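# Descriptive analysis of the structure
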Protein chains: 2
Amino acid sequence: MDNNIKNKKITSRDEDFGRWYTDVVRAARLADYSNVKGFIVFEPNGYALWERMQQVLDAKFKELGHQNVYMPVLIPENLLNKEAELIEGFAPEGAWVIRAGGKDLEERMMFRPTSETLFSDYYASHLHSYRELPMLYNQWANVIRWEKETKPFLRTREFLWQEGHTLHETEDEARKETLQMLNVYKWFFEEVLAIPVLTGRKTEKEKFAGAEETYTIESMMYNGFSLQSGTSHFFGQKFSKAYNITFLNRENKLDYPWQTSWGVTTRMIGAVIMVHGDDNGLVLPPRIAPRQVAIVPIGTDQQVADKANEICDKLKKVGISTFVDFSEKSPGFKFAEHEVNGIPIRVEVGKRDLAQGFFTLVRRDSGEKKNVALEGDVAAEVQTMMDEMHKHMFEVAKKRNDSKTYECKTLAEVEDIMTNRPGYVKAAWCGDEACEFKMKEVRGTKSRCIDESAHVCKDDKCIVCGRKAKHMVYWGIQY
Amino acid sequence: MDNNIKNKKITSRDEDFGRWYTDVVRAARLADYSNVKGFIVFEPNGYALWERMQQVLDAKFKELGHQNVYMPVLIPENLLNKEAELIEGFAPEGAWVIRAGGKDLEERMMFRPTSETLFSDYYASHLHSYRELPMLYNQWANVIRWEKETKPFLRTREFLWQEGHTLHETEDEARKETLQMLNVYKWFFEEVLAIPVLTGRKTEKEKFAGAEETYTIESMMYNGFSLQSGTSHFFGQKFSKAYNITFLNRENKLDYPWQTSWGVTTRMIGAVIMVHGDDNGLVLPPRIAPRQVAIVPIGTDQQVADKANEICDKLKKVGISTFVDFSEKSPGFKFAEHEVNGIPIRVEVGKRDLAQGFFTLVRRDSGEKKNVALEGDVAAEVQTMMDEMHKHMFEVAKKRNDSKTYECKTLAEVEDIMTNRPGYVKAAWCGDEACEFKMKEVRGTKSRCIDESAHVCKDDKCIVCGRKAKHMVYWGIQY
């Protein structure tokens, strides 16, 4: 175990948010830079968080009828080339295997940046009849996109993700699936990660290469920047036609199926850090924390140890992930360590307190303490505290989002906001890509999503060109 | 769903074992060939089996104190070159990324064939003191080894696996870990997969590139061929020295730690197929089957459907993975389908049987039927039947192993056995690699492992050269 934890100073997040982030990533042992440029090592705490995310999402996917499969990691160039937009979109970031098994390959192969091509190729040879639809597949995998600038979890050359790929008989069904999965992501962020999100449609410029429509969940970091946190794509029949995927429909005629794909990545770990973390380190939302409760015995009394073990057993019994920290460190050191690691609840068990008939729960986010009587229902107390913590963390983030969301009418306002108090700018837009490019000149502000629920009035003008507006759009600085 | 299942004829395993194998892989929807040569697509049934294997093993690893991490998938050439034996062993099978992000890389990178190099590089910068030892890491990952001949699950260019990597303060501790993990694999094969294994040490010729000692579990397929099914390596201080991994020991002096690694792969799916499968398809050991019980309602009566659902709920409640097959197919078709898929137990619920007060359990391996009274304890009955099935499957495989294990004194005997009734040949060996090469000329017979528990007598002679024997060795034809 790392004995230098107390010396690891974490930069204040208000002083230098970028450094604060990397300090927390290191101090909480989430990840480290590796000697492979642009790649990270997922350390135990970081990988455990990913495993929890996988568990929760995977169970939800399966509940909705999806099955996991696994496609090859390398994609021959000719297969990629069948869908022009996709290859154009990903070629600049591709990593190519050119030599293998001691000789140059006849055809080079790209390390998958995403797997539409392989799923489509598989569908083409396995789909025959409408009776086999829908095909609801998902895969958990590593991908490579050769980014120039990298940052742990947020943007790395290799990352881990899930990519759902589904085929449907009708357009309507595929559209429903696209939105259903968007809502699964929204649910996961809000109800599990305690992160409020915007949901909406990406503009043509920002959508996924090859998609007809891309829907997104966007989350706002502590510093007001936006993070694209999950996407769900409606492909129409684009890939079906490019890869010649056909089926006999109910009228016994050859038809093209309708396709979707949707994914979230290890970037979610970055979102958790940057939405909830504080100057003492990581703060983990209780519903995703791999270890929810750390029990710290104070002193070496047998009575204290017994009580600590008893509490641990009670919590584990109801499925709360708990451990007793019997390591040879001082209680203060342990407190600091569990704090840096973001463990939601600490239980302090001391001899003096026991004599007075209680032990203490301490909440990571607020520092709030609660004494629990020895004969009290510790499982219920911890569960209540975790529920309150989740609710509170969500509210803090929600308030931040609300207070940093601005309605703007001029580029000058946007310039001022993005310079001094960045956040979401809500502004009308004419739908012209040229205006998006002009907006980008203002501190790199990009469209985050089209708010399809927002009403655009007759009088609404595009914030850039002043022409009649088509959409209400959220804009922000992208992480 | 596939409606052609009845038409998919499976070759008899006694007629053509190789074809039988690929027939079962396809018919049970475990995997399919992909358009990427040497790579397979893991289909839902195959991937679900891998997920179950991961669950069981991962829980055991964690119980023993291991933590999961994740290392980069690409390894820069200079990092690989630090340990000469490893790079020599893997270079011929390496796949190289040479171009990425739109330009040629300054240094090419190998797709990991195994990750000793990256773990060692990580340890070198993170280990400082004996207090941090042991470091007990594991990773679940994909690897590439560019094999010439491939066969689904058994030998594919990309496969999935886990690789444990541990660092220890003392040689003794590292040796214990090596054997502990070998025994975990043995436990997993015998108690979970119902596959009896040989355990032993690999010869110098057959050991892992870079290891001081390699231990193996070997299993025997239906046709008598051997499959190396899992390995555990003792590295000594070899990598520590090559990668300059050091720590301050208890005497406050710089020291090199002792290292192990151990792994099992998706090849285990192949072992399950080839040990247990029969001419009707896959037979899944009940403790690993993703779906343990299929309930088939016979007829469309509401009463039948209700009873089927009630049984399903009862089984699920005690953690038995169960589903009711309400699909629009005939009962006979469903029986055949669940049979091909190897589902351990089928429950038949029919109106006439219900009227007579019972329903029926059918065991996949033996076809044995058991009527259960309506008021009977179905969970207990199913659990008992699964336990008996596991025991029986293990015994069948064990008897096969025993009946196909031969003690030989001459190469002529080996030639006869490997030609007419292949299996394990147990024969003494002098320890000379030249004799191993000569043995290989006999039908490709290779040493499987040294039986370290076997006593070599003074009079035992090497089966090849007739000199004094050093070891008792199991030999076999490798899958």
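If you're wondering where the values come from, they're calculated on a predicted model, not measured in any experiment. (Residues numbered from 1 in each chain as written. Chains lettered and ligands numbered in written order. Predicted model: local features only at pLDDT ≥ 70, side-chain atom pairs only at ≥ 80, totals over all residues. Heavy atoms only, no water.)

## Re the overall build of chain A
Secondary structure assignment for chain A yields 14 helices and 23 strands. Taking 479 residues into account, the globule formula puts the C-alpha radius of gyration at 23 Å, and chain A, at 25 Å, falls close to it. Based on the C-alpha atoms only, the size of chain A along its principal axes is roughly 80 × 55 × 50 Å. The buried share of chain A, taken over its 479 residues, is 61%. Put simply, 69% of the contacts in chain A that link residues at least 6 apart link residues at least 24 apart. Of the roughly 19200 Å² of accessible surface on chain A, a fraction of 47% belongs to carbon and sulfur atoms. Placing the 67 positive and 72 negative side-chain charges of chain A at their respective mean positions leaves the two points 2 Å apart. (Helix = DSSP H or I, 4+ residues; strand = E, 2+ residues; numbered from the N terminus. Rg over C-alpha atoms; globule rule 2.2 N^0.38 Å. Buried < 20%, exposed > 50% of the residue type's maximum accessible area, 1.4 Å probe, protein only. Contact = heavy atoms within 4.5 Å. Areas by Shrake-Rupley, 256 points an atom, 1.4 Å probe, with all protein chains shown as cover. Lys, Arg positive; Asp, Glu negative; His and termini not counted. Charge placed at Lys NZ, Arg CZ, Asp CG, Glu CD.)

## Thoughts on the sheet that holds strand E16 (residues 322-324) of chain B
Residues and elements named next belong to chain B. With respect to topology, five strands assemble into an open sheet ordered E16-E15-E17-E18-E19, the strand pairing being mixed. The sheet is open, and its two edges are formed by E16 and strand E19 (369-373), each paired on a single side. Going from strand to strand, the sheet's axes swing by 25 degrees on average, the running direction of each strand aside. When strand E18 (residues 358-363) meets E19, the two strands line up antiparallel, connected through five bridges. When the bridges of E19 are listed, Leu 361 appears paired with Lys 370. Taken strand by strand, helix H10 (residues 331-340) contacts strand E15 (293-298), E16 and strand E17 (345-350), and its axis lies near 170 degrees from that of E15. (Pairing = 2+ DSSP bridges. Axes fitted to C-alpha atoms, helices over the stretch in contact; angles between N-to-C directions.)

## Focus on the relation of the copies chain A and chain B
For the pair chain A and chain B, the best superposition has an RMSD of 0.0 Å and corresponds to a rotation of 180 degrees with a translation of 0.0 Å parallel to the axis. The transformation just described matches what one would write down for a two-fold rotation axis. Among all residues of chain A, the minimum C-alpha distance to the rotation axis is found for Val97(A), at 2.1 Å. A share of 100% of the interface residues of chain A reappears at the interface of chain B, consistent with the copies meeting face to face through the same patch. (Least-squares fit on C-alpha atoms with pLDDT ≥ 70 in both.)

## Some details on the pairing of strand E18 (residues 358-363) of chain A
All names here are of chain A. E18 sits mainly inside the fold: six of its six residues count as buried. Side chains of E18 alternate between two faces, with Phe 358, Thr 360 and Val 362 and Phe 359, Leu 361 and Arg 363 buried alike. As paired elements, strand E17 (residues 345-350) and E18 share four bridges and run antiparallel to each other. The residue bridging Glu 348 from the neighbouring strand is Thr 360, located in E18. Two successive antiparallel strands, E18 and strand E19 (residues 369-373), enclose a turn made up of five residues, where Gly 367 displays a positive phi of approximately 75 degrees.

## Considerations on the side chain of Glu169(A)
Residue and element names in this part refer to chain A. Along the chain, Glu 169 falls in the loop between strand E8 (158-168) and helix H6 (171-192). According to the relative accessible area criterion, Glu 169 is buried, its value standing at 15%. In terms of polar contacts, Glu 169 uses its side chain to reach the side chain of Arg 250, at 2.6 Å. If we ignore the near neighbours within four places in the chain, the residues touching Glu 169 are Tyr 130, Leu 133, Phe 247, Arg 250 and Trp 258. (Polar contact = N/O pair within 3.5 Å; in protein donor to acceptor, adjacent residues only side chain to side chain.)

## Some words on helix H14 (residues 433-440) of chain B
Residue and element names in this part refer to chain B. Among the residues of H14, those classed as buried are Cys 435, Glu 436 and Met 439. Buried residues in H14, looked at end-on, bunch into an arc of 105 degrees, giving them a common side. Buried residues belonging to H14 abut helix H13 (411-420), strand E21 (424-429), strand E22 (446-450) and strand E23 (471-476). Two to three positions downstream of the cap, the backbone nitrogen of Ala 434 sits 3.0 Å from a side-chain oxygen, assigning the N-cap of H14 to Asp 432. (Arc of directions from axis to C-beta.)

## Section: the packing of helix H1 (residues 17-27) of chain B against helix H8 (residues 267-276) of chain B
Residues and elements named next belong to chain B. Contact geometry of H1 with H8 gives a least axis separation of 11 Å together with a crossing angle of 115 degrees. Handedness of the H1/H8 crossing: right-handed. Contact with H1, carried on its side by Phe 17, Trp 20, Tyr 21, Val 24 and Val 25, involves Gly 270, Ile 273 and Met 274 of H8 and no other residues of that element. Across the contact of H1 with H8, the residue classes tally to seven nonpolar, one polar and no charged. (Left-handed = near helix turned anticlockwise from the far one by under 90°. Nonpolar A, V, L, I, M, F, W, Y, C, P; charged D, E, K, R; others polar.)

## Some points on the pattern of salt bridges
It is possible for side chains of opposite charge to pair when their charged atoms get near one another. Under the counting rule described, the total for this entry stands at 70 salt bridges over all chains. As a salt-bridge pair, Arg26(A) and Glu43(A) come within 2.6 Å of each other at their nearest N and O atoms. On the criterion of sequence distance, the pair formed by Arg26(A) in helix H1 (residues 17-27) and Glu43(A) in the loop between strand E2 (40-42) and helix H2 (44-63) is long-range, its members being 17 residues apart. By relative accessible area, Glu43(A) is classed as buried at 0%. Measuring nitrogen to oxygen at the nearest pair gives 2.9 Å for the salt bridge that ties Asp278(B) to Arg364(B). With Asp278(B) in the loop between H8 and E15 and Arg364(B) in the loop between E18 and E19, this residue pair connects regions lying 86 residues apart in the sequence. By the burial criterion, Asp278(B) is buried, and Arg364(B) matches it. Put simply, Arg26(A), Arg29(A), Asp32(A) and Glu43(A) are held in one network by salt bridges that share partners. (Salt bridge = Lys/Arg side-chain N within 4 Å of Asp/Glu carboxyl O.)

## Comments concerning the interface of chain A and chain B
The interface of chain A with chain B comprises 56 residues on the first partner and 56 residues on the second. Roughly 4400 Å² of surface becomes buried between chain A and chain B when both sides are summed, with 59% attributable to carbon and sulfur atoms. Taken together, the connections running from chain A to chain B amount to two salt bridges. Glu51(A) is the salt-bridge partner of Lys62(B), the closest N and O atoms lying 3.2 Å from each other. Where chain A touches chain B, the interface holds 27 residue pairs in polar contact (both at pLDDT 80 or more). Of the residues in the side of chain A that touches chain B, the class split is 31 nonpolar, ten polar and 15 charged. Pairing analysis gives five bridges linking strand E5 (residues 95-100) of chain A to strand E5 (residues 95-100) of chain B, with the strands arranged antiparallel. What sits directly across from Arg99(A), in E5(B), is Trp96(B). (Buried area = accessible area lost by both parts, 1.4 Å probe.)

## What to know about the side chain of Thr178(B)
Tracing the chain through its elements places Thr178(B) in helix H6 (residues 171-192). With residues up to four places along the chain from it excluded, the contact list for Thr178(B) reads Tyr215(B), Ser232(B), His233(B), Phe234(B) and Thr260(B).

## Concerning the sheet that holds E17(A)
All names here are of chain A. Across the sheet, which stays open at both edges, the five strands sit in the order E16-E15-E17-E18-E19 with mixed pairing between neighbours. Edge positions in the sheet fall to strand E16 (322-324) and E19, since each has one partner strand and no second. The sheet shows a mean angle of 25 degrees between the axes of neighbouring strands, taken without regard to direction. Note that strand E15 (residues 293-298) and E16 share three bridges and pair parallel. Each bridged residue has a counterpart across the sheet, and for Ala 294 the counterpart in E16 is Phe 323. Contacting E15, E16 and E17, helix H10 (residues 331-340) runs over the sheet at an angle of about 170 degrees to E15.

## Some words on a negative patch on the surface
Judged by side-chain charge, Asp14(A), Glu15(A), Asp16(A) and Asp279(A) come together as a negatively charged surface patch. With respect to the element layout, Asp279(A) can be found in the loop between helix H8 (267-276) and E15. (Patch = residues over 30% accessible without salt bridge, like charges linked within 9 Å, V, L, I, M, F, W, Y side chains within 5 Å.)

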